[in-house]
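Chain and residue survey
Below, each chain spelled out in residue letters.
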Amino acid sequence: MTAERIFDVLGHFKRYQACLYLAAAFQAIACGIHYLASVFLVEKPNFVCGVPDNITHVLYGNLTGSSLEELLPGFRPGTGPLVVRTAEGSQWELGQCSRSLRVAPADFTYQFQGNTTLRACDGNYVYDHSEIQLNIVMDWDLVCDREWLAKLCQPTFMAGVLIGAVVFGDLADRIGRVKIMRFSSLCQFVLGVSIAFSGSYYVFMVLRFLLAMVSSGYLVVVFVYVTEFTGSKVRTWTSMHIHAFFAVGIMVVALTGYLVRVWWIYQIILSLCTSPFLLVCWMFPETPFYLISKRRYKEAQALLDSVARFNGLDYGPKVEELLAPEATENGKSLLQETEAQPSRVEKKHSILDLFGTWRMAGRTCTVWAIWFIGSLGYYVFSLGSVNLGGNQYINLFLVGAVELPSYMVGCYLMDRIGRKKTCAPALLLAGVACMLIIVLPADINALAIALSMTGKFSVAIAFGLIYLYTCELYPTIIRTLAVGSGSMMCRVGSVVAPFCVYLADVWVYLPQLIVGVLAFAIGLLTLLLPETLGQPLTNTLEEAEALGGKSSNKCSGLCGKDEEAAMEMNQQEATASAGKPED
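An unreviewed UniProt entry lists the chain under the name Solute carrier family 22 member 16, with Takifugu flavidus as the source organism. One UniProt comment on the chain, placed under Subcellular location (unreviewed entry), says "Membrane".

Spelled out as structure tokens, the structure:
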């Protein structure tokens, strides 16, 4: 028997696993919230330079008013200035980053043929509060020569996500999954609330960077955690739907942004949304896979017994039956180990183990490429798609909602045709969609939008399944490290994506060309990866390397059966239970 067989006894998704899964996945909402919160925090409002005196009259084309607040919502930069007259009689032409004082005006008219004196704004700005009452751009005047500071917010956050994915992924393999989940959850809450009380831009940026690290850490570890607590029959469903909880976080941001227009109140509410998780995360157990891999057999046996009792079973699996005979210390029971026995020196694993052999190196490069194009393609399709217009809060809500069908379709296909046969066609379809956008006439807007959404939908499927696929391709001892390093490549893609979109200034279809070529090429490389549908999770590097070989399917589900029969049974079981958790 292998450690994977514990689910044949305990159940693949019974009461114990369901409670753990729902609680752990619930906190993924917080990750979605913090990743997208800056959409409204740094949104650039409409604004113009202020004047030193009280304003009595305002002109903008044929429109007149008595204050800037009346005409500023309809002001469009580049269409002409706002002309104001003050109580002292001076007349000003106001732009966004400069203002001009009219010299000796005869009448108060919009058109002026005389001389003007150009003046700097000197930090005096008037903002349009009709959409957003107060955000950090207004609070700290991050406009004009300071606008780059606002644009730096999201790249800095993504840099924190990148570092957090590597750091916490490695720590989770060293000190345990559950410790990292507890720590990162507590830090998300504390840092999220602290950001609301940051007194300066630089404190705000430092806190957001740290928040990005812990949010990324939780998101990396939770995928491994739920994978190691659920059986193969439901593992596709449980892994893919973590993304659905993340998408719910995006929708929460949209709803909160619509209801709350003051940034620090908005930040506090978002941080409190998942605070109930802190009350239950301290009761989370370590995963049995991790305990067994660390030779903590007594703790593993106690956990298995607890799960069995909670699931209403009379007995649970025995740890010594889950290991190879040679691992039981010459026939002695693992549970009878004494402290007097010398402890083995445990080998430390690093990212270099992902490249230990040529086969593992090629696998790692391909997996990293899928992570990269998944993130790059998602953001390029999102940022480069046709602007839908209308209410920005509804648009953001729909951006989160549209992800849900892609994960459901991906989940359905993964359990029926396999991980590789779902990921590769999805990437190939995304590449074809990009190419068709380039070659089709630009005036067929409806078709271009449909192709853009097809590409985004396809990339989302590949991006959704790569978490689970990575977990299944690597052994327990480096599984979290593999997911963390893949997430690092994902964040590299998210950082590169805005610069890729900027290339549209060179050629309007250059972003689609880049994404299309990369997606198609990586889709072809994906066909070289081994299939993991119906295979047990591996514990050692040797077992992981053997995936896809002639012997990799032996005893994967039923020892003594031929490999085709075992594979067929695993696929039938996956098919029968695919919709079960959703009922």
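A look at the pairing of strand E6 (residues 98–102)
Within E6, four of the five residues are buried, which leaves it mostly tucked inside the rest of the structure. One ladder, built from three bridges, connects strand E5 (residues 91–94) with E6; its direction is antiparallel. The partner of glutamate 93 across the bridge, within E6, is serine 100. Remark: three residues form the turn of the hairpin made by E5 and E6, two consecutive strands paired antiparallel. Across five bridges, E6 lies against strand E7 (residues 116–120) in antiparallel orientation. Following the sheet pairing, serine 98 is matched in E7 by alanine 120.

Points about empty space enclosed by the protein
Throughout the structure, instances matching the rule amount to three cavities of 30 Å³ or more. Approximately 70 Å³ is the volume found for the largest cavity. For the largest cavity, the full set of lining residues is Phe40, Leu41, Ile132, Leu134, Asn135, Gly257, Val260, Arg261, Val262, Trp263, Tyr266 and Tyr393. Put simply, the parts of the chain that give the lining of the largest cavity at least two residues each are helix H4 (38–41) and helix H12 (263–272). Partitioning the lining of the largest cavity into residue classes produces nine nonpolar, two polar and one charged. If you add up the space inside the second largest cavity, you get close to 50 Å³. Considering the residues around the second largest cavity, the lining is formed by Ile6, Phe7, Leu10, Gln17, Glu228, Phe229, Pro288, Leu304 and Val307. Residue assignment for the lining of the second largest cavity shows that the elements contributing at least two residues are helix H1 (6–10) and helix H14 (297–310).

Concerning the pattern of salt bridges
Pairing between side chains of opposite charge can happen when their charged atoms approach one another. If you walk through the whole model with that rule in mind, you get eight salt bridges. Note that arginine 177 and glutamate 228 form a salt bridge whose closest N and O atoms lie 2.8 Å from each other. Of the two residues, arginine 177 is situated in helix H9 (residues 177–196) and glutamate 228 in the loop between helix H10 (201–227) and helix H11 (235–259); the sequence distance between them amounts to 51 residues. The class for arginine 177 is buried, based on a relative accessible area of 0%. Linking arginine 296 and glutamate 299 is a salt bridge whose minimum nitrogen-to-oxygen distance equals 2.9 Å. Within this structure, Lys44, Glu147 and Lys151 form a network of salt bridges that share partners.

Quick look at the environment of glycine 523
Relative to the elements of secondary structure, glycine 523 occurs in helix H21 (residues 510–526). According to the relative accessible area criterion, glycine 523 is buried, its value standing at 0%. Between the C-alpha atoms of glycine 523 and isoleucine 373, which are 150 residues apart in sequence, the distance is 9.8 Å. Excluding its chain neighbours within four sequence positions, the residues that come into contact with glycine 523 are Ala424, Leu427 and Leu428.

Looking at the sheet that holds strand E2 (residues 55–60)
Pairing within the open sheet is antiparallel, and its six strands lie in the order E3-E2-E4-E5-E6-E7. Both edges of this open sheet fall to strand E3 (63–65) and E7, since each of them pairs with a single strand only. Mean inter-strand twist for the sheet, computed between neighbouring axes without regard to direction, equals 25°. Across three bridges, E2 lies against E3 in antiparallel orientation. If you follow leucine 59 over to E3, its bridge partner there is threonine 64.

Describing the nonpolar core
Within the largest apolar cluster, 138 residues are counted, with the highest numbers of intra-cluster contacts made by Phe204, Phe284 and Trp371. Here this core takes 17 residues from H10, the largest share from any one element. Once residues lying within four places of it in the same chain are set aside, the contact partners of phenylalanine 284 are Leu20, Ala23, Ala24, Val178, Met181, Arg182, Tyr225 and Phe277. Counting residues in each nonpolar core, the second largest holds 18 residues, with Val51, Tyr60, Phe75 and Val84 among its members.

Things to note about the pairing of strand E4 (residues 82–86)
For E4, the buried fraction is high: four of the five residues fall into the buried class. Where E2 and E4 come together, four bridges link them in antiparallel fashion. When the sheet's bridge partners are listed, isoleucine 55 is paired in E4 with threonine 86. In the sheet, E4 pairs with E5 via four bridges, with the strands oriented antiparallel. Counted as the bridge partner of valine 84 is tryptophan 92 from E5. In this antiparallel pair of consecutive strands, E4 and E5, the connection spans four residues, and glycine 89 shows a positive phi of 95°.

Rules and cut-offs
Residues numbered from 1 in each chain as written. Predicted model: local features only at pLDDT ≥ 70, side-chain atom pairs only at ≥ 80, totals over all residues. Heavy atoms only, no water. UniProt positions renumbered as here; feature names shortened; annotations may be inferred. Buried < 20%, exposed > 50% of the residue type's maximum accessible area, 1.4 Å probe, protein only. Helix = DSSP H or I, 4+ residues; strand = E, 2+ residues; numbered from the N terminus. Pairing = 2+ DSSP bridges. 1 Å grid on protein atoms, 1.4 Å probe; cavity = no way out; pocket = protein on both sides within 12 Å on 5 of 7 lines; lining within 4 Å. Points joined across faces, edges and corners; volume = space filled by probe spheres on them. Nonpolar A, V, L, I, M, F, W, Y, C, P; charged D, E, K, R; others polar. Salt bridge = Lys/Arg side-chain N within 4 Å of Asp/Glu carboxyl O. Contact = heavy atoms within 4.5 Å. Axes fitted to C-alpha atoms, helices over the stretch in contact; angles between N-to-C directions. Core = buried A, V, L, I, M, F, W, Y, C linked by side-chain atoms within 4.5 Å.

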